[in-house]
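This is what each chain is made of:
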There are 2 protein chains.
Amino acid sequence: MQGIKPSMRSPLGREIPDQVDPVLEELVRGIIAQVADKWTMLILEVLEEHGTLRFTQIGKLTEGISQKMLTQTLRQMERDGFVSRIVHPVIPPKVEYSLTELGHSLSAAFCGVWEWAAARHADIEAARRAFEARNRAD
Amino acid sequence: MQGIKPSMRSPLGREIPDQVDPVLEELVRGIIAQVADKWTMLILEVLEEHGTLRFTQIGKLTEGISQKMLTQTLRQMERDGFVSRIVHPVIPPKVEYSLTELGHSLSAAFCGVWEWAAARHADIEAARRAFEARNRAD
DNA sequence: CGGAATCCTGACAGATACTG
DNA sequence: CAGTATCTGTCAGGATTCCG
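From a predicted model like this one, the values you see are computed outputs, not experimental measurements. Numbering of residues starts from 1 in every chain and runs along the sequence as written. Following the order in which they are written, the chains are lettered starting with A and the ligands numbered starting with 1. Restriction of local features to residues with pLDDT of at least 70 applies here, the model being predicted, together with a cutoff of 80 or more for giving and counting side-chain atom pairs; totals for whole chains, interfaces and linings are based on all residues. Each side-chain value is derived from all of the structure's non-hydrogen atoms; neither hydrogens nor water enter the calculation.

Colleague: I keep staring at the sheet that holds strand S3 (residues 94-99) of chain B and nothing clicks. Help me out?
Modeller: Residue and element names in this part refer to chain B. Pairing between strands is defined by DSSP: at least two bridges between them are needed. The secondary structure listing takes helices from DSSP runs of H or I that are at least 4 residues long and strands from runs of E that are at least 2 residues long, numbered from the N terminus. One open sheet holds the three strands; their spatial order is S1-S3-S2, and the pairing between them is antiparallel. Taken across any chain shown, the strands that pair with only one partner, and hence form the sheet edges, are strand S1 (53-54) and strand S2 (83-88). Alignment of S1 against S3, held across two bridges, turns out to be antiparallel. Within the sheet, the bridge partner assigned to Leu-53 lies in S3 and is Tyr-97. Sitting on the sheet, helix H2 (residues 38-50) is in contact with S1, S2 and S3, with an inclination near 95 degrees to S3. Contacts: residue pairs with any heavy atoms within 4.5 Å of one another. Comment: axis = line fitted to C-alpha atoms, over the contacting stretch for helices; angle = value between 0 and 180 degrees taken between N-to-C directions.

Here is the structure:
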């Protein structure tokens, strides 16, 4: 009886109810889906590494992103409180982005998944090769 | 100089190189994208909670999944070594799925993100309301 | 410079039908 | 029961153009 929801295995002794509010669950799932998004993760990393950056700079540092997705992703991250967006009313425009405390904490939370993936990727690759071999045999 | 990659902030003192192999990075990113997939996460949870299950049972317990996506997702998870698939050669067919050790460890790895999301969802919702209010004002 | 608006396509999800 | 095959629609996301 263990689940990926912390309510069922939380090492902290906190009294999280076993029956998680389905509304909360749905919300949390949505949040995870968003933060696990390709561009969100990349931008998160770029901002972690470089601190405050301007729009175009993020675009250059985020390999392969289109202007549309950059705008869209940054908006979403701003909306969720992960990045702060400061507009300097000058000509030409200057907009600076940086991670909020919430953004940094998100980054830290994902660190565990990164460590897991880095530690186990060899097992995954092995599993894939084994799977290939199995299916080639029939 | 901090990133979401553990190489830059790993609390464990292990000697992970600061310059992560870009190939590995791409792989890890792909893995995360997959495991963060909606159905993958749901099935992961269902199997954690119920142990070994048959194809149809997983379908019933995974609200809203189509039979196509169930097959597809289970195949992928089997390919990556997260679930084992045992076919009993009887009539009618009987196929049993269960998590492997790798699957359980994946589940555990994501627990941290769940805890983060559960702990911080109020902040995110507040940020969203503030964002709404801000944009309503102009 | 930092976007917004528009158009377009291809990948992927859902529904349906068939099968060992 | 546990799939496969096929068709179709939707929609995320790229390219392009324009604007304060």
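Following the structure, the description resumes.
Colleague: It is not clear to me how the environment of Leu-102 of chain A should be interpreted in this structure. Could you clarify?
Modeller: Among the secondary structure elements, Leu-102 of chain A is positioned in helix H5 (residues 101-136). C-alpha separation for the pair Leu-102 of chain A and Phe-55 of chain A, spaced 47 residues apart in sequence, amounts to 20 Å. In contact with Leu-102 of chain A, other than residues within four places in its own chain, are Asp-80, Gly-81 and Phe-82 of chain A together with Trp-116, Arg-120, Asp-123 and Ile-124 of chain B.

Colleague: I keep staring at the protein's contact with DNA strand D and nothing clicks. Help me out?
Modeller: Within the structure, DNA strand D sits among 17 residues, and Lys-68 of chain A together with Thr-56, Gln-67, Arg-85 and Tyr-97 of chain B are positioned closest to it. Take the atoms of DNA strand D that sit within 4 Å of the protein: sugar and phosphate atoms are 57% of them. Here a polar contact is recorded for every N or O atom pair within 3.5 Å, except that within protein the pair must consist of a potential hydrogen donor and a potential acceptor, and residues adjacent in sequence are included only if both atoms are side-chain atoms. Contact distances for DNA strand D include 3.2 Å between a sugar or linking oxygen and a backbone N or O atom of Pro-93 of chain B. A distance of 2.6 Å separates a phosphate oxygen of DNA strand D from a polar side-chain atom of Tyr-97 of chain B. Of all the secondary-structure elements, those providing two or more residues to the surface near DNA strand D are helix H4 (67-79) of chain A together with helix H3 (55-61), helix H4 (67-79) and S3 of chain B. Lys, Arg, Asp and Glu make up the charged group, whereas Ala, Val, Leu, Ile, Met, Phe, Trp, Tyr, Cys and Pro make up the nonpolar group; the residues left over, Gly among them, are polar. Taken together, the residues of the surface near DNA strand D break down into eight nonpolar, four polar and five charged. To be near a molecule or strand, a residue needs just one of its heavy atoms within 4 Å of it.

Colleague: What should I look at first to understand unusual backbone geometry in this one?
Modeller: A negative phi angle is the norm for most residues apart from glycine, just as the trans form is the norm for most peptide bonds. Here the bond from Ile-91 of chain A into Pro-92 of chain A is cis, since omega is 0 degrees, no more than 30 degrees from zero. In this fold, Pro-92 of chain A is placed in the loop between strand S2 (83-88) and strand S3 (94-99).

Colleague: It is not clear to me how H4 of chain A should be interpreted in this structure. Could you clarify?
Modeller: In an α-helix, one turn spans 3.6 residues, which is why side chains three or four residues apart end up on the same side. All names here are of chain A. In this scheme, a helix's expected span is set at 1.5 Å multiplied by one less than its residue total. Taking 1.5 Å of rise per residue, the 13 residues of H4 would be expected to cover 18 Å, and the 18 Å separating its terminal C-alpha atoms lies within 8% of that figure. The buried label applies to any residue whose accessible area, calculated with a 1.4 Å probe on protein chains only, is under 20% of its type's maximum; exposed applies above 50%, and partly exposed to all values in between. The set of residues buried in H4 consists of Leu-70, Thr-73, Leu-74, Met-77 and Glu-78. Considered in projection along H4, the buried side chains sweep an arc of 135 degrees and stay on one side of the axis. Within this analysis, the arc is defined by the directions that extend from the helix axis to the C-beta atoms.

Colleague: What am I meant to see in the confidence of the model for chain A here?
Modeller: Atomic detail in the predicted coordinates should be set aside for any region of low pLDDT. Summary of the metric used: pLDDT quantifies the predictor's per-residue confidence within the range 0 to 100. The predicted model of chain A has a mean per-residue pLDDT of 86, with 84% of residues at 70 or higher. Contacts for the low-pLDDT stretch residues 7-18 of chain A, under 50 throughout, to residues beyond four places or in other chains number 19 contacts.

Colleague: Got a minute to help me understand the environment of Phe-110 of chain B in this structure?
Modeller: You can see Phe-110 of chain B is positioned in helix H5 (residues 101-136). It is 24 Å that separates the C-alpha atoms of Phe-110 of chain B and Ala-127 of chain B, two residues lying 17 residues apart in sequence. Residue contacts for Phe-110 of chain B: discarding those within four places in its chain leaves Ile-32 and Val-113 of chain A together with Val-35 and Ala-36 of chain B.

Colleague: Is there a simple way to think about the protein's contact with DNA strand C in this case?
Modeller: With respect to spatial proximity, 16 residues lie near DNA strand C, and among them Thr-56, Arg-75, Arg-85 and Tyr-97 of chain A together with Lys-68 of chain B are the closest. Sugar and phosphate atoms represent 61% of those atoms of DNA strand C found within 4 Å of the protein. Between a phosphate oxygen of DNA strand C and a side-chain N or O atom of Thr-56 of chain A, the distance comes to 2.3 Å. A distance of 2.5 Å separates a phosphate oxygen of DNA strand C from a polar atom in the side chain of Tyr-97 of chain A. Secondary structure elements with two or more residues in the surface near DNA strand C: helix H3 (55-61), H4 and S3 of chain A together with H4 of chain B. Residues belonging to the surface near DNA strand C are distributed by class as follows: seven nonpolar, five polar and four charged.

Colleague: Would you mind showing me how to read the relation of the copies chain B and chain A here?
Modeller: The two chain copies are connected by a rotation around an axis plus a translation along it. The transform that puts chain B on chain A rotates by 180 degrees and translates by 0.0 Å along the axis, for an RMSD of 0.1 Å. These values place the two chain copies in the arrangement generated by a two-fold rotation axis. Most of the interface of chain B is mirrored in chain A, where 100% of its interface residues again form contacts. What sets the superposition is a least-squares fit of C-alpha atoms, and only residues with pLDDT of at least 70 in both copies go into it.

Colleague: What am I meant to see in the sheet that holds S3 of chain A here?
Modeller: Backbone hydrogen bonds are what pair the strands of a sheet, in a parallel or an antiparallel way. Residue and element names in this part refer to chain A. Judged by pairing direction, the sheet is antiparallel, and its three strands sit side by side in the order S1-S3-S2 without closing on themselves. Two strands bound the open sheet, and with one partner strand each, they are strand S1 (53-54) and S2. Those strands touched by helix H2 (residues 38-50) are S1, S2 and S3, and its axis lies near 95 degrees from that of S3.

Colleague: Would you explain the packing of aromatic side chains in this entry?
Modeller: Each aromatic ring pair is specified by the distance between its two centres and by the angle formed by the two planes. Stacked, tilted and edge-to-face are the three classes assigned to paired rings of Phe, Tyr and Trp, where Trp is represented by its six-membered ring and a pair needs centres within 6.5 Å; plane angles under 30 degrees give stacked, over 60 edge-to-face, the rest tilted. In the structure shown here, the tally under the stated rule is two aromatic pairs over all chains. Here the aromatic rings of Phe-82 of chain A and Trp-116 of chain B are separated by 6.1 Å at their centres, their planes lie at 45 degrees, and the arrangement is tilted. Here Phe-82 of chain A, found in the loop between H4 and S2, pairs with Trp-116 of chain B, found in helix H5, and the two come from separate chains. You can call Phe-82 of chain A buried: its relative accessible area is 2%. The class of Trp-116 of chain B is buried, set by a relative accessible area of 8%.

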